[in-house]
There are 2 protein chains.
Amino acid sequence: MTGSRGSVTIEDVARHVGVAKGTVSRVLNNYTDISSETRERILKAVKELGYQPSSTARSLKRGRQDTLGIVMPVGRGRGVDPFLSEFIDGIARALDDLDRDLLVTTAHSGRHMLETHERLIARRKVDGFILTRTEVNDPRIEFLQARRFPFVAHGRTSDPSTYAWYDIDNEETFVSGVKHIAALGHRRIGLVGGPRDLNFACQRRAGYRRGLELCGLEVDPALEVEEPLTEVGGVEGARRLLGLHMPPTALFCVTDALAIGAMRLCRDLGLRVGEDVTIIGYDGLPVGAYVDPPLTTFSQSTQSAGGQIARMLIDVIEGTEPAQRQKLAQAELIRRASDGPPAKTPEELNQVLRRSV
Amino acid sequence: MTGSRGSVTIEDVARHVGVAKGTVSRVLNNYTDISSETRERILKAVKELGYQPSSTARSLKRGRQDTLGIVMPVGRGRGVDPFLSEFIDGIARALDDLDRDLLVTTAHSGRHMLETHERLIARRKVDGFILTRTEVNDPRIEFLQARRFPFVAHGRTSDPSTYAWYDIDNEETFVSGVKHIAALGHRRIGLVGGPRDLNFACQRRAGYRRGLELCGLEVDPALEVEEPLTEVGGVEGARRLLGLHMPPTALFCVTDALAIGAMRLCRDLGLRVGEDVTIIGYDGLPVGAYVDPPLTTFSQSTQSAGGQIARMLIDVIEGTEPAQRQKLAQAELIRRASDGPPAKTPEELNQVLRRSV
DNA sequence: TTTGATTGGGTAAACGGTTTCCGACAGGAA
DNA sequence: TTCCTGTCGGAAACCGTTTACCCAATCAAA
């Protein structure tokens, strides 16, 4: 009743019904040239025996794995993006419907990342990749394009015309964020930015600048800092900006982690966030609603992004022209309590800080 | 130079060298009966052609996938454990060394979870499973044991004697936590617990009770609440406990998310956390250091847990008796600023709250 | 020189599916 | 009856490995 390894094979089913295994295969793959009588008998046997085709054997013959790959960048010591849980959840849900699976790996350096992709391709473990944390000039994209291997990027590079991607309209979002802050009455708005090699950090900075121009405010490079995307980076960035003789009254942070760090510093300096200093983040992390005061932020649904990207990737694998699968999504403002009209002018802020430091 | 599908096969290598493909295979699998001269020539060709064996074909023949599976439980709408990112990171790093991969899926219900395991087994996509969020009576464990399919559980069930697991010594940790709080001078200590079907929640409650007894404090069921493991649950649990006529002066929360919610409620009620009310969490979430005041918590290295579990699972797959692979790890207290001697007696606390509500 | 053991490596059968090719049979038209 | 067409399903090749089995050559011992 079972194959040599203990599981039911197509051969078992065929013998049980008294047909050739090719016939069973045809039924299972919905070929039309099988009489409905035979079809019924086979389906019944399949159910009875609990037969499920071996995906390994099927893959070997078809040359397709029905598996997608994602290689997550991880920092030296600690540090995976917390957003990845949700992202993976979105992908996995979509794949569950599409009857495919997801292979997850990590890589701790750019080099390791490329090697990992190469290994997974050579060993034929996956049919395509999902790329996260896209860099301005991303070697993975060059690599995969050269190999003609399917992929979808979460976030664009400097030249996004030739491949498939899903991205948030970072620039537009930051334009609208600056407009929002300016409308509250702020005149000096600081940017706590991220590393220049991450493309979204650049897009957000560009949006920040364009927003200032549209509001008729001066673009002052002194009001822009770049920090690693952690809470510590937020503390550091806020410290540098508030230490200026004309400090900003609002800090626009490119991620929530940065914003949470910046809030921490303000508390330590005795400043009231949302009154003395406005702080806005970006990510919509759930925890943002529970810090003090609750953080105003921009949010994208990471989960839905994951699902959409998975679908796009499958299209590309099945032959759709990659450039046909590009999507720009909008983030929306979640207004909580860390923003408000400036209670102090930059000069007053400076005086207070001078006293407290 | 390449097989019909564009990638280099063992046949290509064999032809290039002028030997049979069996010979190439033997070299690659470190058989000893090949002359070193032939071996060299083959290895050289392998390198030149960039040959990597197809894991699909290899799996088919060997009956082994070199792939581990993990099915993450996810809530209805939103909500994966944020700790899963780190956990997966730990697993992936270990597997990278061991030349294996990780398949990740999600399941949104108990039923779906079982079906998913069954599908992955029947389709022969993985060699073993890592189970997370173990329940007191976990159907997955029964299921996998009946199928004789390898797995390692992260967390124990009520009867942990017959399978492989890795767990934190939850009970002992909570005993020591209660001792710590009592030593600060607290006499009424509340527990913000989790759902009863999660085993770690039960273990932590047991530790909480034993700790009270050891300190000579009364065990009062009114001081125990059970909430979903989210920030909202924390708000709710704290509200119920602080609403008692003899409210606790300390809240011991079974997770950091609960603790963060509880802190939020205290702030809203005008209570100073760490003075009027002591709050301690458990998980060591990075964000805990950035809430106000920084959260005192117990921590386990999730990443290291992932790595160890991966290794245990591989041992079990390779034939080690599961009961031989069981490990109890200790969590350690990370003292920050949300705990301290009680500034108010329960009576005073009650009066203040009566006024404010 | 014959024998027996050893070494090196070729041959071919699996592994469990999919798919191509082809033959048997039935039914309808001539 | 003969021929043609269409339907159904069997046989076998194939996907890329691993491995059991076998044979040839070499060499030491008898």
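Just so it is clear, the model here is predicted, and its values are computed rather than measured. (Residues numbered from 1 in each chain as written. Chains lettered and ligands numbered in written order. Predicted model: local features only at pLDDT ≥ 70, side-chain atom pairs only at ≥ 80, totals over all residues.)

1. Comments concerning the overall build of chain A
Condition: Here a helix means four or more residues in a row that DSSP labels H or I, a strand means two or more in a row labelled E, and each is numbered from the N terminus. Two residues form a contact once the distance between their C-beta atoms, set from the backbone, is within 7 Å.
Scanning chain A from terminus to terminus reveals 13 helices and 12 strands. When contacts within chain A are restricted to residue pairs at least 6 apart in sequence, long-range pairs at least 24 apart make up 70% of them.

2. Considerations on the nonpolar core
What counts, and what does not: Each nonpolar core consists of buried Ala, Val, Leu, Ile, Met, Phe, Trp, Tyr and Cys residues. Their C-beta atoms, within 7 Å, join them into a set. Buried residues are those with 20 or more other C-beta atoms within 10 Å of their own C-beta, exposed residues have 12 or fewer, and partly exposed residues lie in between; C-beta atoms are placed from the backbone.
Among the nonpolar cores identified, the biggest contains 92 residues, and Cys253 and Ala262 of chain A together with Cys253 and Ala262 of chain B are the most heavily contacted of them. Core analysis: the second largest hydrophobic core is formed by 82 residues, Ile88, Ala94 and Val104 of chain A together with Ile314 of chain B among them.

3. Some details on the pairing of strand 4 (residues 151-154) of chain B
All names here are of chain B. To keep things clear, this is the line we draw: In this analysis, strands are considered paired if DSSP registers two or more bridges between them.
In strand 4, alternate side chains face the same way, and those of Phe151 and Ala153 on one face and Val152 and His154 on the other are all buried. Across 3 bridges, the pairing between strand 3 (residues 128-131) and strand 4 is parallel. What sits directly across from Phe129, in strand 4, is Phe151. Here strand 4 runs beside strand 5 (residues 164-168); their pairing, made up of 3 bridges, is parallel. Each residue of the ladder has a partner; that of Val152, found in strand 5, is Ala164.

4. Re the sheet that holds strand 5 (residues 164-168) of chain A
Note the following rule: Convention adopted: a line fitted to C-alpha atoms gives each axis, helices being fitted over their contacting stretch, and angles between N-to-C directions are expressed from 0 to 180 degrees.
The 12 strands are arranged 11(A)-5(A)-4(A)-3(A)-1(A)-2(A)-2(B)-1(B)-3(B)-4(B)-5(B)-11(B) in an open sheet whose pairing can be described as mixed. At either end of the open sheet lies a strand with only one pairing partner, and these are strand 11 (326-329) of chain A together with strand 11 (326-329) of chain B. Here the strands of the sheet are splayed against their neighbours by 20° on average, with no regard to which way each runs. Lying on the sheet, helix 5 (residues 83-98) of chain A is in contact with strand 1 (67-73), strand 2 (101-107) and strand 3 (128-131) of chain A together with strand 2 (101-107) of chain B; it crosses strand 2 of chain B at an angle near 80°.

5. As for the relation of the copies chain A and chain B
Put simply, the rule is: Residues below a pLDDT of 70 in either copy are left out; the C-alpha atoms of the rest, at least 70 in both, set the least-squares superposition of the copies.
The transformation that overlays chain A on chain B combines an axial shift of 0.1 Å with a rotation of 180°, and the residual RMSD is 0.1 Å. Both chain copies can therefore be described as sitting about a two-fold axis. Among all residues of chain A, the one whose C-alpha sits closest to the rotation axis is Leu103 of chain A, at a distance of 2.3 Å. Here 100% of the interface residues in chain A have copies in chain B that are interface residues too; the copies meet face to matching face.

6. Looking at the interface of chain A and chain B
Across the boundary between the two partners, chain A contributes 45 residues, which contact 45 residues of chain B. Elements represented by at least two residues in the side of chain A that touches chain B include exactly helix 4 (55-62), helix 5, strand 2 and helix 11 (256-268) of chain A.

7. A closer look at the protein's contact with DNA strand C
Quick reminder of the rule: In this analysis a residue is considered near a molecule or strand if the C-beta atom, reconstructed from its backbone, is found within 6 Å of that molecule or strand. Following the grouping adopted for this structure description, the nonpolar residues are Ala, Val, Leu, Ile, Met, Phe, Trp, Tyr, Cys and Pro, the charged ones are Asp, Glu, Lys and Arg, and the polar ones are all others, Gly among them.
Near DNA strand C lie 29 residues; those nearest to it are Ile10, Gly22 and Ser25 of chain A together with Ala20 and Gly22 of chain B. For the surface near DNA strand C, the secondary structure elements donating two or more residues are helix 1 (10-17), helix 2 (21-28) and helix 4 of chain A together with helix 2 (21-28) and helix 4 (55-62) of chain B. The residue inventory of the surface near DNA strand C, partitioned by class, reads 9 nonpolar, 11 polar and 9 charged.

8. A closer look at the packing of helix 2 of chain B against helix 3 (residues 36-49) of chain B
For any two helices packed against each other, the geometry is given by the interaxial angle and the distance between the axes. All names here are of chain B. Our working rule: Note on terminology: angles under 35 degrees are roughly parallel, angles over 145 are roughly antiparallel, angles of 65 to 115 are roughly perpendicular, and the others are oblique.
Two elements in contact, helix 2 and helix 3, have axes separated by 10 Å at closest approach and are oriented at 90°. Overall, the two elements helix 2 and helix 3 adopt an arrangement that is roughly perpendicular. Here Thr23, Val24 and Val27 of helix 2 lie close against helix 3, whose contacting residues are Thr38, Arg39, Ile42 and Leu43. Across the contact of helix 2 with helix 3, the residue classes tally to 4 nonpolar, 2 polar and 1 charged.

9. Quick word on helix 11 of chain A
Residues and elements named next belong to chain A. Rule in force here: An expected span of 1.5 Å times one less than the residue number is assigned to each helix.
End to end, helix 11 covers 18 Å across 13 residues, agreeing with the expected 18 Å (1.5 Å per residue, within 8%). Burial within helix 11 is extensive, with 11 of its 13 residues counted as buried. Burial in helix 11 covers these residues: Asp256, Ala257, Leu258, Ala259, Ile260, Gly261, Ala262, Met263, Arg264, Leu265 and Cys266. Contacts made by the buried residues of helix 11 are with strand 6 (189-193), helix 10 (231-242), strand 8 (250-253), strand 9 (278-282) and strand 10 (296-299).

10. Some thoughts on helix 2 of chain A
Residue and element names in this part refer to chain A. Here is the rule we go by: The directions considered for the arc are those from the helix axis to the C-beta atoms.
By the burial criterion, the buried members of helix 2 are Thr23, Val24 and Val27. On an axial view of helix 2, the arc spanned by its buried residues comes to 100°, and they lie on one face. Where the residues of helix 2 are buried, they touch helix 1 and helix 3 (36-49). In the segment just after helix 2, Asn30 is the residue with positive phi, at about 60°.

11. Some remarks on the environment of Ser158 of chain A
All names here are of chain A. Tracing the chain through its elements places Ser158 in the loop between strand 4 (151-154) and strand 5. A tally of 10 C-beta atoms within 10 Å means that Ser158 is categorised as exposed. Through-space distance from the C-alpha of Ser158 to that of Asn199 is 7.5 Å; in sequence the pair is 41 residues apart. Beyond its immediate chain neighbours, meaning those up to four positions away, Ser158 contacts Val136 and Asn137.

12. Some words on the environment of His186 of chain A
Inspection of the secondary structure assignment puts His186 of chain A in the loop between helix 8 (170-183) and strand 6. Contacts of His186 of chain A, omitting those with residues within four sequence positions, involve Ile181, Thr249, Ala250, Thr278 and Pro342 of chain A.

13. Quick look at the pairing of strand 10 of chain A
All names here are of chain A. Judged from the 3 bridges that link them, strand 9 and strand 10 form a sheet pairing that is parallel. What sits directly across from Ile280, in strand 10, is Thr296. Judged from the 3 bridges that link them, strand 10 and strand 12 (residues 332-334) form a sheet pairing that is antiparallel. Bridging from a neighbouring strand, Phe298 pairs with Leu333 of strand 12.

14. Topic: the packing of helix 1 of chain A against helix 2 of chain A
Residues and elements named next belong to chain A. Axis separation between helix 1 and helix 2 bottoms out at 8 Å; the angle between their running directions is 105°. As far as their axial angle goes, helix 2 and helix 1 are roughly perpendicular. Contacts between helix 1 and helix 2 pair Ile10, Glu11, Val13 and Ala14 from the former with Lys21, Thr23, Val24 and Ser25 from the latter. Classifying every residue of the contact of helix 1 with helix 2 gives 4 nonpolar, 2 polar and 2 charged.

15. Concerning the protein's contact with DNA strand D
Contacts to DNA strand D come from 28 residues, most closely from Ala20 and Gly22 of chain A together with Ile10, Gly22 and Ser25 of chain B. Of all the secondary structure elements, the ones that give two or more residues to the surface near DNA strand D are helix 2 and helix 4 of chain A together with helix 2 and helix 4 of chain B. In the surface near DNA strand D, the residues fall into 9 nonpolar, 11 polar and 8 charged.

16. Quick notes on unusual backbone geometry
At the junction of Asp292 of chain A and Pro293 of chain A, the peptide bond is cis and its omega measures out at -5° in the coordinates. Of note, the phi angle at Asp283 of chain B is positive, near 150°, even though the residue is not glycine. Relative to the helices and strands, Asp283 of chain B is located in the loop between strand 9 (278-282) and strand 10 (296-299).

17. Considering the environment of Arg111 of chain B
One can find Arg111 of chain B in helix 6 (residues 110-122). For the pair Arg111 of chain B and Arg140 of chain B, spaced 29 residues apart in sequence, the C-alpha separation works out to 9.8 Å.

18. Focus on the sheet that holds strand 10 of chain A
Residue and element names in this part refer to chain A. Pairing is mixed in the open sheet, where 6 strands are placed in the order 7-6-8-9-10-12. The sheet terminates laterally at strand 7 (224-226) and strand 12, the two strands that pair on one side only. Within the sheet, the average angular offset between the axes of one strand and its neighbour, ignoring direction, is 20°. Of the strand pairs in this sheet, strand 6 and strand 7 are connected by 3 bridges, and their pairing is parallel. Note on strand 7: the bridge partner recorded for Gly193 is Glu226. Contacts between helix 10 and the sheet are confined to strand 6, strand 7 and strand 8, with strand 6 contributing the most and set at about 150° to the helix.

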